[in-house]
Amino acid sequence: MWRLVMVKIDVYFSPVCPHCPGAKRLVAEVSSEYGGRVEVEEINTYTREGIERGMANGVMAVPTVFVDAVKKFVGFPFSREALAAAVDDALARSP
Amino acid sequence: MDRPMSGELFDVVILGGGPAGLTAGIYTARHGLSTLLIEGKQLGGRAWGPHRIENYPGFPQGVTGQELMERFIAQARRFGVGFREETVVGLSDMGGTKMVLTRGGSYEARAVVVATGIQKQQLSIPGEMEFKGRGVAYCAICDGPFYADKTVAVVGSGKNAVEDITKLAEIVQKVYAIPGSKGFSGGSGVLQELFEYLNVEVIEGADLKSIGGDEFVTHIDLEHESLGRLEVDGVFIILDNVPTTDMLKEAGIETDEGGCVQVDRNQETNISGVFAAGDCVCGGMQVTTATGDGAKAGLAALRYVRALKRKRST
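Conventions we followed
- Residues numbered from 1 in each chain as written.
- Chains lettered and ligands numbered in written order.
- Predicted model: local features only at pLDDT ≥ 70, side-chain atom pairs only at ≥ 80, totals over all residues.
- Heavy atoms only, no water.
- Helix = DSSP H or I, 4+ residues; strand = E, 2+ residues; numbered from the N terminus.
- Buried < 20%, exposed > 50% of the residue type's maximum accessible area, 1.4 Å probe, protein only.
- Disulfide = S-S within 2.5 Å.
- Lys, Arg positive; Asp, Glu negative; His and termini not counted.
- Salt bridge = Lys/Arg side-chain N within 4 Å of Asp/Glu carboxyl O.
- pLDDT = per-residue confidence, 0-100.
- Phe/Tyr/Trp six-rings, centres within 6.5 Å; stacked < 30°, edge-to-face > 60°.
- Lys NZ or Arg CZ within 6 Å of the ring centre and 35° of its normal.
- Pairing = 2+ DSSP bridges.

Enquirer: I tried to follow the overall build of chain A on my own but got confused; where do I start?
Expert: A tally of helices and strands in chain A yields three helices and four strands. For chain A, the sequential pattern of α-helices and β-strands runs β-α-β-α-β-β-α. Per-residue burial for chain A yields a buried fraction of 47% across its 95 residues.

Shown next as structure tokens:
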């Protein structure tokens, strides 16, 4: 069976963080340009599961964005171009 | 965001997409002026963030910052405001028109409304940028949970720093409060308040010199008569907000010593045809005051552009 998704973006966020909505919006916009090849997961660090998962992955601030399990951006803003480049790079390495 | 042509002439170019800038755009575009709004970060500005705004009139149950700003943006779009996602790097007065320079190009404007808001200060000390997100943080309520049962330092002397010290004291094992060599701006009352928190230690007469560690922050070095190094897991830098006006000063726009743009009763700066509104003029730092400023600036820009066009046609 075909599995279209080739790159996974994890966005660690907090509902009280003023910069997180911008990061989530940009990730959603950029990922939508890849026609289903990018899957986005938003992880709420104001939950026990979210904070534990974040700390296990070295997250110490929000927003933090991982592209294919590699920490790419901490804080916001980061540029649309930089995010797209990270996704392109991950796609190029995708089997 | 929309993609207008670089170099195009607009009646009004608005720098900043927070409540003040959006309101100014609603007023100018609704009256038929071609209006471009440039925002490099987040449309809605600082107002986008709050979980709930309880004091904005017309919303008796409160409203989230995001919902309120989405309404502002939709209203501005309805009247024809164009949006451009770019960072403004310069502004110059060319006599009849103004030139707005961005990283991506330039725009010409008959009038400019500056609504660039405020930004957090940075310490600019060794280790700050290197360990950003790896132990250096700027928001206690956002990032405090990552430091549960750890030791942190809070650097800052203002009201926000004190609030964040007390928030962190309830989460972490120990807080070193470092207000700097000038002490807390709130004076001895603050020391008394913090004294009630057993896990808060105020380090008086010390300035932060550097932040160090390996993968993550492990220590800070101080300029202090007896203390040199403190072992910490995190450093929260909570400095007062300052107006985002560096670029404006270079353009010749007058600010006060705190960086606040100086305006007259019509929100006009010392440069004719350049108006300013919102947090960058250091008004009330509220959405309501920003929208009031923005409306005045929009109306003043409208009068200015109409007078300019009348003058040209005669």
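Enquirer: Any chance you could explain the state of the cysteines here in plain terms?
Expert: Two cysteines, two sulfur atoms, one covalent bond between them: this is a disulfide. Residue and element names in this part refer to chain A. Taken as a whole and judged by the stated rule, the model has three disulfides over all chains. In this model Cys17 forms its disulfide with Cys20; the gap between the sulfur atoms is 2.3 Å. Disulfide Cys17-Cys20: torsion about the S-S bond near 100 degrees, hence right-handed. You'll find Cys17 and Cys20 in the same group, each marked buried.

Enquirer: So what exactly am I meant to see when it comes to the side chain of Glu128(B) here?
Expert: Within the secondary structure, Glu128(B) is located in the loop between strand 7 (118-120) and strand 8 (136-137). One buried charged residue, Glu128(B), remains without a salt bridge, the closest side chain of opposite sign being Lys132(B) at 8.1 Å.

Enquirer: How should unusual backbone geometry be read in this particular structure?
Expert: All names here are of chain A. Residue Pro63 follows Val62 across a cis peptide bond; omega there is -5 degrees. Turning to its location among the elements, Pro63 is positioned in the loop between helix 2 (48-56) and strand 3 (64-67). You will see that Ala69, though not glycine, has its phi angle at about 70 degrees, which is positive. Relative to the helices and strands, Ala69 is located in the loop between strand 3 and strand 4 (70-74). Assessed through its relative accessible area of 65%, Ala69 is described here as exposed.

Enquirer: Honestly, the confidence of the model for chain B in this entry has me stumped. Any pointers?
Expert: Residue and element names in this part refer to chain B. The predicted model of chain B averages 90 in pLDDT, with 97% of residues at 70 or higher. Confidence, expressed as mean pLDDT per element, reaches its minimum in chain B at strand 16 (residues 241-243) with 75 and its maximum at helix 1 (residues 19-30) with 98. Scored by ipTM, the complex comes to 0.85, with pTM at 0.68.

Enquirer: Even after reading the chapter, I still don't get the packing of aromatic side chains, so can you show me in this structure?
Expert: For any pair of aromatic rings, the description rests on two quantities: the centre-to-centre distance and the angle between the ring planes. Residues and elements named next belong to chain A. Under the counting rule described, the total for this entry stands at eight aromatic pairs over all chains. Note on Tyr12 and Phe66: the rings are 5.6 Å apart at their centroids and 65 degrees apart in plane angle, and the pair reads as edge-to-face. Of the two residues, Tyr12 sits in strand 1 (residues 7-13) while Phe66 sits in strand 3, which places them 54 residues apart along the sequence. Feature note: the residues Phe73, Phe76 and Phe78 constitute an aromatic cluster, connected by ring pairs. Note that Lys24 overlies the ring of Phe13, its terminal NZ or CZ placed 3.8 Å from the centroid.

Enquirer: Just checking my understanding: could you explain the confidence of the model for chain A for this structure?
Expert: Predicted coordinates in regions of low pLDDT should not be interpreted in detail. Scored by pLDDT, chain A comes out at a mean of 90, with 94% of its residues at no less than 70. When the elements of chain A are averaged for pLDDT, helix 1 (residues 20-32) of chain A gives the smallest value, 89, and strand 3 of chain A the largest, 97.

Enquirer: Please explain the sheet that holds strand 11 (residues 200-202) of chain B as it appears in this structure.
Expert: Residue and element names in this part refer to chain B. Read from one edge of the open sheet, five strands run 8-15-9-10-11, paired in parallel fashion. Here the strands that pair on one side only, and so sit at the sheet edges, are strand 8 and strand 11. Note: strand 9 (residues 151-155) against strand 15 (residues 234-237), four bridges, orientation parallel. Paired with Ala153 across the strands is Val235, a residue of strand 15.

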